[in-house]
Amino acid sequence: MNMNIQAPAESRVKELVCRGKKFLGLYDIEGYEEAVPLFREAIEADPSCAEAHGALAETYSFWGFRREISGLEGESLYEMAHEYASMALKLAPQSAGAHRAMSVALRRGRKADPELRLKEAQAAVDLGPADPANWAELWRARGYEPGDRALSRALELDPLQCGLQIDLGAVYCERGDYGKAVEALSTAVKANRGNIVAWYDLAMCLDRMGDSERARELMGRLQALHPRDPLVTSGVELLGAGK
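On a predicted model such as this, the values are computed, not experimentally measured, just so you know.

Novice: Explain the overall build of the protein chain here, please?
Specialist: Summing up its helical and strand segments, the protein chain has 13 helices and 0 strands in all. Reading the protein chain from its N terminus to its C terminus gives the helix and strand order α-α-α-α-α-α-α-α-α-α-α-α-α. Relative to the globule expectation of 18 Å for 243 residues, the C-alpha radius of gyration of the protein chain, 19 Å, shows essentially globular dimensions. On the principal axes, the C-alpha backbone points of the protein chain span a range of 65 × 35 × 30 Å. Every one of the 243 residues in the protein chain was classed for burial, and the buried ones make up 48%. Looking at the protein chain alone, contacts between residues at least 24 apart form 52% of all its contacts between residues at least 6 apart. Of the roughly 12000 Å² that the protein chain leaves accessible, carbon and sulfur atoms contribute 53%. Side chains of the protein chain carry 30 positive and 37 negative charges; the gap between the two charge centres is 2 Å.

Right, here's the structure in full:
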């Protein structure tokens, strides 16, 4: 009888985590807002679920960074990210996802630790070499080098990782390789057409390329869709794309 009760409960937790990860993969606010309650519900149903703790940690860390680049407070989210990543590792010290979550949690905030982050990212790849997210995090932890084998492996396994393509686009843009930057950001948009950061970065990249008219047009459309987003507001001001 207990086994019959336990099986549906486990199935429910897996369903919650799976749905949450799909929203997390959107890599922007609308996804984070949906993912957090799903992961929290999974943890409430099964406090021993390391996967839910780790996924929640990653969500809080990415969300904290999204707030930070928008000029908002992100430290409280970074603190929660570290808390949940620590619990994930405690529950499942041999879990690749738990080590990846800790690596992501060590990215920003007061507990940021580049050396420990790299160790955690490498542990995630060692334990889960078939997971593209592990390779993507190792690439980030190593320093975002376009020629890094970790990046090529991540893209081989899943080229439509929205967050990875956004980061890659930003790297190429900073290096002045605008063609590759536009290609990466266009792929990010393909993965999630509603991703504000991808569209924002694409507009900024176009402006740097000298296509200011197209950049302002894009940012103007983004403003019409998201008039209250502070990142969009700053982009409009920078490009002079306001109405």
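Novice: How should the pattern of salt bridges be read in this particular structure?
Specialist: Close approach of charged atoms allows side chains with opposite charge to pair. Under the counting rule described, the total for this entry stands at 20 salt bridges. Of the charged contacts in the structure, one is a salt bridge between arginine 66 and aspartate 28, with a shortest N-O distance of 2.6 Å. Of this pair, arginine 66 sits in helix α3 (residues 50–69) while aspartate 28 sits in the loop between α1 (2–24) and α2 (29–45), placing them 38 residues apart in sequence. Taken as a pair, arginine 66 and aspartate 28 share a single burial class, namely buried. Between arginine 66 and aspartate 229 there is a salt bridge, and its shortest N-O distance comes to 2.8 Å. In this pair, arginine 66 is assigned in helix α3 and aspartate 229 in the loop between α12 (212–225) and α13 (230–239), connecting sequence segments 163 residues apart. Given a relative accessible area of 3%, arginine 66 falls into the buried group.

Novice: I keep staring at the packing of aromatic side chains and nothing clicks. Help me out?
Specialist: Aromatic rings in a pair are described by how distant their centres are and how their planes are angled relative to each other. This model, assessed by the stated rule, comprises 4 aromatic pairs. Ring geometry for tyrosine 60 versus tyrosine 84: centroids 6.0 Å apart, planes at 35°, classification tilted. Remark: tyrosine 84 occurs in helix α4 (residues 75–91) and tyrosine 60 occurs in helix α3; sequence separation between them is 24 residues. One exposure class covers both tyrosine 60 and tyrosine 84, and it is buried.

Parameters and conventions
Residues numbered from 1 in each chain as written. Predicted model: local features only at pLDDT ≥ 70, side-chain atom pairs only at ≥ 80, totals over all residues. Heavy atoms only, no water. Helix = DSSP H or I, 4+ residues; strand = E, 2+ residues; numbered from the N terminus. Rg over C-alpha atoms; globule rule 2.2 N^0.38 Å. Buried < 20%, exposed > 50% of the residue type's maximum accessible area, 1.4 Å probe, protein only. Contact = heavy atoms within 4.5 Å. Areas by Shrake-Rupley, 256 points an atom, 1.4 Å probe, with all protein chains shown as cover. Lys, Arg positive; Asp, Glu negative; His and termini not counted. Charge placed at Lys NZ, Arg CZ, Asp CG, Glu CD. Salt bridge = Lys/Arg side-chain N within 4 Å of Asp/Glu carboxyl O. Phe/Tyr/Trp six-rings, centres within 6.5 Å; stacked < 30°, edge-to-face > 60°.

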